[in-house]
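Observations on the model geometry
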Amino acid sequence: MKTKIIDETKRQIDDRRGVRPQKPSERFPSKSGLVFYFLRGALHYFILCVFFSMCVSFLDMTAPKIIGYMVDSIIGDKTSDLPAALNLLVDRWLGGTAYLHAHLGVVALAVAAIAVLAAVCRYFTNLFDSMGSEKLVQRMRNRLFDHIIHLPFAWYNENHTGDIIQRCTSDVDTVRRFVSEQLTQLLRIIILIVFALSFMAGINRQLTLAAFVFIPIIVLYSLFFHNRIGSAFERADVEEGKLSAIAQENLTGVRVVRAFGREAYERERFEQKNDEYTKMWVRLMRLLSAFWVSGDLITGLQILVVMVFGAVLCVDGKLSAGEFIAFFTYNSMLTWPVRGLGRVISEMSKAGISIDRIRYIMNSPTERYAFYQEDGDIAGENRAEDTLISGDICFDHVSFHYQNPQNPDAPEVLRDVSFTVKKGTTIGILGGTGSGKSTLMYLLDRLYELPEGCGQITIGGKNIADIDLETLRGSIGMVLQEPYLFSRTLGENIAIAENGAQETDIRAAARVASLDETVEHFTERYETAVGERGVTLSGGQKQRTAIAQMLIRKPPIMIFDDSLSAVDAETDAKIRHALAGYTGGSTVILIAHRITTLMQADQIIVLDKGSVAEQGTNEALLEKNGIYRKIYDLQRSGATA
Amino acid sequence: MAENTTHTNKDSDLGVKLPFFGIPKILPYIRPYRTRMMLMILLGIGSSLIDSVYPLFNRYALNHFVAGKTLDTLGAFILLYALVLTAQVADNFVTTYWCGKVEMGVDRDLRNASFNHLQTLSFSYFNQNNVGYIHARVMSDSGKIGELCAWRMMDLVWNGSYLVSILVMMLLLNARLALYILLLVPIAVVIITYFQKHLVVLNRRIREINSTITGNFNEGITGARQIKTLGIENRINTDFDRDTEDMRATSVHATHYSALFTSLVTMMSMFALAIVLWKGGRLTEEGLLQIGTLSVFMSYAVGMMDPIQNIINTISALIAIQVNIERLTRLLHTESDVADTPEVIAKYGDTFQPKKENWEPLYGDVEFRDVSFRYPDGDEYVLSHFNLKVPQGTNVAIVGETGAGKSTLVNLVCRFFEPTAGQVLIDGRDARERSQLWLHSNIGYVLQTPHLFSGTVRDNLRYGKPDASDEEIGRALRLVSAEDVVRKMGGLDAEVGEGGDMLSTGEKQLLSFARAILSDPRILVLDEATASIDTVTEKKIQDAIKTVIQGRTSFMIAHRLSTVVDADVILVVHEGKIIERGTHRELMAKKGYYWNLYSRQYEDMAADMV
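Quick caveat: nothing in here was measured; it's all calculated off a predicted structure. Going along each chain's sequence as written, the residues are numbered from 1 onward. Lettering of chains starts at A and numbering of ligands starts at 1, both following the order in which they are written. The predicted nature of this model means local features are confined to residues of pLDDT at least 70 and side-chain atom pairs, given and counted, to a pLDDT of 80 or more, with totals for whole chains, interfaces and linings taken over all residues.

The next thing to look at is the overall build of chain A. Only runs of H or I of at least four residues qualify as helices and only runs of E of at least two qualify as strands under DSSP, and these elements are numbered from the N terminus. Scanning chain A from N- to C-terminus turns up 23 helices and ten strands. Relative to its full complement of 641 residues, chain A shows a buried share of 44%. Of the contacts formed within chain A by residues at least 6 apart in sequence, a portion of 78% connects residues at least 24 apart. Counting other C-beta atoms within 10 Å of a residue's own tells you its class, since 20 or more makes it buried, 12 or fewer makes it exposed, and anything in between is partly exposed; those C-beta atoms are placed from the backbone. Two residues form a contact once the distance between their C-beta atoms, set from the backbone, is within 7 Å.

Attention shifts here to the overall build of chain B. In terms of helices and strands, chain B carries 21 helices and ten strands. Each radius of gyration reported is based on C-alpha atoms, and the globular scaling rule is 2.2 Å times the count of residues to the power 0.38. Expected size for 610 residues packed as a compact globule is a radius of gyration near 25 Å; at 35 Å, chain B overshoots this value by more than 25%. In terms of principal-axis extent, the alpha carbons of chain B reach across some 120 × 60 × 50 Å. In chain B, buried positions account for 47% of the 610 residues.

Positive phi, normally seen in glycine, also occurs at Arg446(A), with a value near 55 degrees. Here Arg446(A) lies in the loop between α14 (437–444) and β4 (456–459). Here Asp427(B), not a glycine, exhibits a phi torsion of approximately 50 degrees, which is positive. Locating Asp427(B) in the fold gives a position in the loop between β4 (421–426) and β5 (429–430).

Now for the nonpolar core. Membership of the largest hydrophobic core comes to 224 residues, with the highest contact counts inside it found for Val111(A), Ala272(B), Leu273(B), Val276(B), Leu277(B) and Ala301(B). The element that contributes the greatest number of residues to this core is helix α6 (residues 104–149) of chain A, accounting for 19 residues. When near neighbours in sequence (up to four residues on either side) are disregarded, Leu277(B) contacts Ile67(A), Met70(A), Leu104(A), Val107(A), Ala108(A) and Val111(A). If you look at the next biggest cluster of nonpolar residues, it comprises 95 residues, including Val254(A), Val257(A), Phe270(A) and Ile398(B). By definition, a nonpolar core groups buried Ala, Val, Leu, Ile, Met, Phe, Trp, Tyr and Cys residues that are joined through C-beta atoms within 7 Å.

Before going further, it helps to examine the domain arrangement of chain B. Boundaries between domains were set according to an automatic or database domain assignment. Assigned domains within chain B: domain 1 (19–174 + 325–337), domain 2 (175–288) and domain 3 (346–442 + 521–609). A straight line from the C-alpha centre of domain 1 of chain B to that of domain 2 of chain B covers 25 Å.

The next subject is the domain arrangement of chain A. Many analyses report the size of an interface as the accessible area lost when the parts associate. When its domains are assigned, chain A resolves into domain 1 (31–363) and domain 2 (393–636). Summarising the inter-unit geometry, the C-alpha centres of domain 1 of chain A and domain 2 of chain A are found 56 Å apart.

Now for the sheet that holds strand β5 (residues 462–463) of chain A. Residues and elements named next belong to chain A. Spatially, the four strands line up as an open sheet ordered β2-β1-β4-β5, and their pairing is antiparallel. The open sheet has two edge strands, β2 (414–421) and β5, and neither has a second partner. Any two strands with at least two DSSP bridges between them are considered paired. Both strand β1 (residues 393–400) and β2 contribute to a ladder of five bridges, which runs antiparallel. Within β2, the position partnered with Phe 400 by the bridge is Leu 414.

It is worth spelling out the interface of chain B and chain A at this point. With 137 residues of chain B in contact, the opposing surface of chain A contributes 128 residues. Three classes are used: nonpolar for Ala, Val, Leu, Ile, Met, Phe, Trp, Tyr, Cys and Pro, charged for Asp, Glu, Lys and Arg, and polar for all others, with Gly counted as polar. A class-by-class count of the residues in the side of chain B that touches chain A yields 62 nonpolar, 52 polar and 23 charged.

With that settled, the discussion passes to the sheet that holds strand β9 (residues 603–608) of chain A. All names here are of chain A. Pairing is mixed across the open sheet formed by six strands, whose spatial order is β6-β7-β8-β3-β9-β10. If you trace the sheet from one side to the other, it starts and ends with β6 (476–479) and β10 (611–616), each paired once. Pairs of neighbouring strands in the sheet enclose a mean axial angle of 15 degrees, with direction left out of account. To obtain an axis, a line is fitted to C-alpha atoms, over the contacting stretch when the element is a helix, and the angle between two such axes runs from 0 to 180 degrees between their N-to-C directions. The strands touched by α14 within the sheet are β3 (426–431), β6, β7 (557–561), β8 (587–592) and β9, with β7 carrying the most contacts at an inclination of about 150 degrees. Sitting on the sheet, helix α19 (residues 539–551) touches β6 and β7, and the angle it makes with β6 is about 175 degrees.

All names here are of chain B. Of the two faces of strand β6 (residues 443–446), the one lined by Ile 443 and Tyr 445 and the one lined by Gly 444 and Val 446 are each fully buried. Summarising the sheet, β6 and strand β7 (residues 523–527) pair through four bridges and their orientation is parallel. Within β7, the residue paired with Val 446 across the bridge is Leu 526.

Attention now goes to helix α17 (residues 503–512) of chain A. Residue and element names in this part refer to chain A. For α17, the full list of buried residues reads Ile 506, Ala 509, Ala 510 and Val 512. The buried residues of α17 all sit within an arc of 160 degrees when viewed along its axis, so they share a single face. In this structure, α17 carries Glu 503 and Thr 504 as exposed residues pointing more than 90 degrees from its buried face. Looking one or two places after α17, you find Ser 514, whose phi comes out positive at around 65 degrees. Read the arc as the range of directions from the helix axis to the C-beta atoms.

Strand residues, when the strand is regular, have side chains that alternate between the two faces of the sheet. Residue and element names in this part refer to chain A. The side-chain alternation of β4 yields one buried face, formed by Ile 457 and Ile 459, and one unburied face, formed by Gln 456 and Thr 458. Pairing of β1 with β4 involves four bridges; the strand directions are antiparallel. Residue pairing in the sheet places Phe 395 in a bridge with Ile 457 of β4. In terms of strand pairing, β4 meets β5 through two bridges, oriented antiparallel. Following the sheet pairing, Thr 458 is matched in β5 by Asn 463. Connecting the antiparallel pair β4 and β5 is a turn made up of two residues, with Gly 460 showing a positive phi of about 55 degrees.

Residues and elements named next belong to chain A. At their nearest, the axes of helix α10 (residues 214–252) and helix α12 (residues 263–315) sit 10 Å apart, and the two run at 165 degrees to each other. The pairing of α10 with α12 is recorded here as roughly antiparallel in orientation. By crossing handedness, the relation of α10 to α12 is classed as left-handed. Per-class residue counts for the contact of α10 with α12 are 19 nonpolar, five polar and eight charged. Orientation labels follow simple angle bins: below 35 degrees gives roughly parallel, above 145 gives roughly antiparallel, 65 to 115 gives roughly perpendicular, and whatever is left gives oblique. Each crossing is labelled by how the near helix is turned from the far one, with a counterclockwise turn of less than a right angle marking it left-handed and a clockwise turn marking it right-handed.

Here the focus is α10(A). Multiplying one less than the number of residues by 1.5 Å gives the expected span of a helix. Taking 1.5 Å per residue as the helical rise, α10(A) with its 39 residues ought to reach 57 Å, and the 55 Å between its terminal C-alpha atoms agrees with that figure. For α10(A), the elements touching its buried residues are α9 (205–212), α11 (254–259), α12 and α13 (321–363) of chain A together with α3 (74–120) and α5 (131–173) of chain B.

Residues and elements named next belong to chain B. Predicted confidence across chain B gives a mean pLDDT of 82, with 90% of residues reaching 70 or more. For every residue, the pLDDT score states the predictor's confidence, bounded by 0 at the bottom and 100 at the top. The element-level mean pLDDT for chain B is lowest in helix α21 (residues 593–609), coming to 58, with α3 highest at 92. Here residues 1–12 is a poorly scored stretch, pLDDT under 50, and it has 18 contacts once near neighbours within four places are set aside; other chains count. Note on residues 603–610: pLDDT under 50 across the span, and seven contacts to partners over four residues away in sequence or across chains. Among the prediction metrics, the complex's ipTM stands at 0.82, with pTM recorded as 0.77.

Turning to the environment of Glu471(B), a few remarks are in order. Residues and elements named next belong to chain B. In this structure, Glu 471 sits in helix α16 (residues 470–479). Classification of Glu 471 by C-beta neighbours within 10 Å gives exposed; the count is 8. Along the chain, Glu 471 and Ala 558 lie 87 residues apart, while their C-alpha atoms are 31 Å from each other.

The predicted structure's coordinates, where accompanied by low pLDDT, should not be read in detail. On average, chain A scores 80 in pLDDT, and the residues at 70 or more come to 89%. Of all the helices and strands in chain A, helix α1 (residues 2–16) of chain A carries the lowest mean pLDDT, 48, while α9(A) carries the highest, 91.

Attention shifts here to the environment of Ile145(B). Residue and element names in this part refer to chain B. Relative to the helices and strands, Ile 145 is located in helix α5. By C-beta crowding, Ile 145 is classed as buried, having 28 other C-beta atoms within 10 Å. Taking the C-alpha atoms as reference points, Ile 145 and Asn 324, separated by 179 residues in sequence, lie 7.4 Å from one another. Excluding residues within four positions of it along the chain, Ile 145 makes contact with Ile 26, Val 106, Leu 110, Ile 321, Asn 324, Ile 325 and Leu 328.

So, on to the packing of α3(B) against helix α11 (residues 305–333) of chain B. Residues and elements named next belong to chain B. Packing of α3 against α11 brings their axes to within 9 Å, and their N-to-C directions diverge by 45 degrees. On the basis of the axis angle, α3 is oblique to α11. Note that α3 runs across α11; the crossing there is left-handed. From α3, Leu 110, Ala 113, Ser 114 and His 117 reach across to α11, where they touch Leu 328, Leu 331 and Leu 332. Of the residues in the contact of α3 with α11, the class split is five nonpolar, two polar and no charged.

Another point: the environment of Pro55(B). All names here are of chain B. Looking at where Pro 55 falls in the secondary structure, it is placed in helix α2 (residues 34–66). According to the C-beta neighbour criterion, Pro 55 is buried, with 23 such atoms within 10 Å. Taking the C-alpha atoms as reference points, Pro 55 and Met 298, separated by 243 residues in sequence, lie 9.6 Å from one another. Filtering out sequence-adjacent residues up to four positions away, Pro 55 remains in contact with Val 296, Ser 299 and Tyr 300.

Here you go:
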């Protein structure tokens, strides 16, 4: 097991360092490959569904045949033209036409029995379709989610959240419909057409030909139309999105709108867009109406042709009344499926785009492995339990710039940064916006990978690139400036990273983070739901929750990335005092704007435009009369005023 | 603590029941379309009658041509058929097109009405309802109601009249046979209603799980950094898999019902067919029923289930839409608790049609006179009998702990809320004597969390002053040292992205500063605005602020005490109440809460200063 991890890690490092070809081969080179991958465990349901659907079609075909037979040979006196075997059946078991003539109820019972059998098959058709469809969706979602949360951090910045979510929801749904509705429906319609065709041809070939001439016309017409209207629908969707965005922005920015007295402008903007959107839809509706009624027209004409031609054939004696009725019934059974065929085909063509949009996600290389492993949850297996690392943290000539496709010459965020944090000490980092403080921490936590030749970062002498990610991140507790709370309870949020955390641990962590008093204000205390569906916490409350969340893990390395910025000075001081007693032997990295937050650190680094400008203890830096001193005086000026 | 409002209004009113499905409530919005809707109903009835007549052609063909072995009337037959077909096609075209028009018209009107109404509602509404909830009212409720007024109504009319007309037709053709088939109708209704009820409940549950799953995706993406730094991918993944399994199980469970349902309904129509064959066949054989008529009965019997099913579906849709009607009309009827009086509107105009010619200039004298206040959703007074005079040009600073209620005063100055008792005077006159728009047009405001609108940098900066020239914009940018930010972005024409997400918080803040001072407001409100900018940038801003607040009345909410020492008045807020006020010097001399706050913040530093 252990060697496997090392091999994988090595391979990943090799990949990153360009030993292997730059562009890793795609995991799913083809659309069908991805669909079949998702279909695992669901395919047999769809096969069963199609099978039962065939049975349904066949059973549905028998009723008109029985009707025709009854009209002609039971009520009428035409000699039966049923296959010999069936005639034998009628004579042997059902008492012959004469008996049936006297007991029409038997025929009715036969129809009812077929109806029951068809109902059973129909039930299984739908059930298996749904089972397959749900299995497919479940697998798609699970695989996507699993993949997404293992993607490298940079990926989230390169891709818009809304877009990814759309891929995971509406594109997944498009693929589901492609398989479970369109593909199965296409098969069903084809089966139905084939069955109907053979039954109708068995009655009269000429009439069948006349009826079937219309089918390609209807299908091609609706195909043409749907392709044309497809783009109109897309445009309407885009317009709706714009309108929705205006409303959204207006609501989230309600304070700004009010404070600047711009209600009239907002109203005008919204009404204008709303009007455009409405007009677009009305135009679309006109097109759709035209399409629907022209479909009605073609169908109506087809029925007329069948009726008139059938009547002519009857008068010529080539068709009996019963056959006429049966044929007419088959014909009407085909009307709606055939009219739907064009729509199904044109919708199927759209699925390709959705599959590619999902493929894009599934083909993005994950963080741990350049080549994604089959299914099993990656992080779970091979995990080396409780192997936390600690030691001196050493930044050794680290330079870095973010990859930006639009701007390849992006300036370096970090330039030749070197410093060491001794194990168990506290270091403070001070720097302005864009000085690279956070980037430094992201590199340490390997949210971004440090490329080859850009220096190295070591912990306890070991290059972090060689440390298993799980172990690395388990050893580093990082509190972000703008933390994210999960929609769970407050207590669950605090304990989320610590399996088996007790109520007392949660309380202790909350106390150190100075969160306990806030919690007392909530009626449900630690059971209070937070995040999207719960109580909205203030920035400071969120930060303190995140601090508690980190503290409960007691990691050997603790990073506070400007995580006290939204907390007032007094609380800030309170937390720092409490922390001093809690951190134990942990190495602490404190990033802050406030000198008071940093001044007691064992060592302070001043970052300026990506380089270490000053370094030393508070006293040493004050004496130096540099940037630190300047900022100190700025912040101090209030006190001396 | 207005920010800690719980949003529990989401699904509490799902089981709502209104008289007549709530339709009376939306009548005012349908009025403009009533003539067209009447015509649509007539056309719909016409269309359904034509549809129910079609089998008669088949009957004629069977009875006359097939059984009679003659083609003498074939020409007339084709002509009549063609006429009926043309009529039906024309009728259907007009009906569906008009349906679309009415649907979109009602939809648009309701959306405008709700959006415009929202522009006049006060902040307490927005504090009590979250953005997602309100957004759904504007964007989706209106659509559902539009659909109700067009398609749902037509569904009822069409299917109702179709069902009636085929029943009448059958009774006319052969009453005895018709009665046999009618026996099936109540059975069908019972079955369909039973399943419909179950399916509605199950589908609601599925939708709920589905939205949880979408929420999970959102969490996995927006919370990615948190997940990674905590190393909890596994845990999040397991929880996700549990939700999708729940979804799958519930959906399959629902399919047991829906599959049984469709199978039963189709089976029922086949039973109807069996009855026709049995009883009708006998009649035909006895010569009491022509063969064509038997065939018509078969068509009707099989086709009867569809309208019944459609009607029941429509009714359950009507029941579901009640919630949307209730929610949307509740929004439309919500009255703003901050509203201008008719007299004020008469003189100064309303939000949408200001009468700027009657607006007096604002000088910036603010006075709180015996003000008592509690938030509309709170029960405790946060201000009682509060008096404060802020002559024009005075700089007021408000300090206190996180969540102590520092925004209250600012909300009152901006008239986002009105005093429960007492008065806020602007230039010596009660704020309520002039319009909200007048006041807001004269206030510059910087939010705690800066908010930009998607669009260009210029659009955003000019938000409060649409006619500002580039020179004015440049001046404002220079004042707050934000020129670098704009230059880095690529000039005034650069897009800021949705919600300004192309910019960092600090940069957004700088721009919102420039935006606030661009219109040269007499009153400036700075709401915890300096919290997330680094010291050097903050210093720049503070220097700029010192210049811009010169000669302006300002209210500044600040975290850092160093930023407030120069203020003319400092108000100290604790647990929602103002407990101290005075200049820095006075408050320090008093050795009270402020002194305590102040010395604590600097105790570390003081120790070092020696």
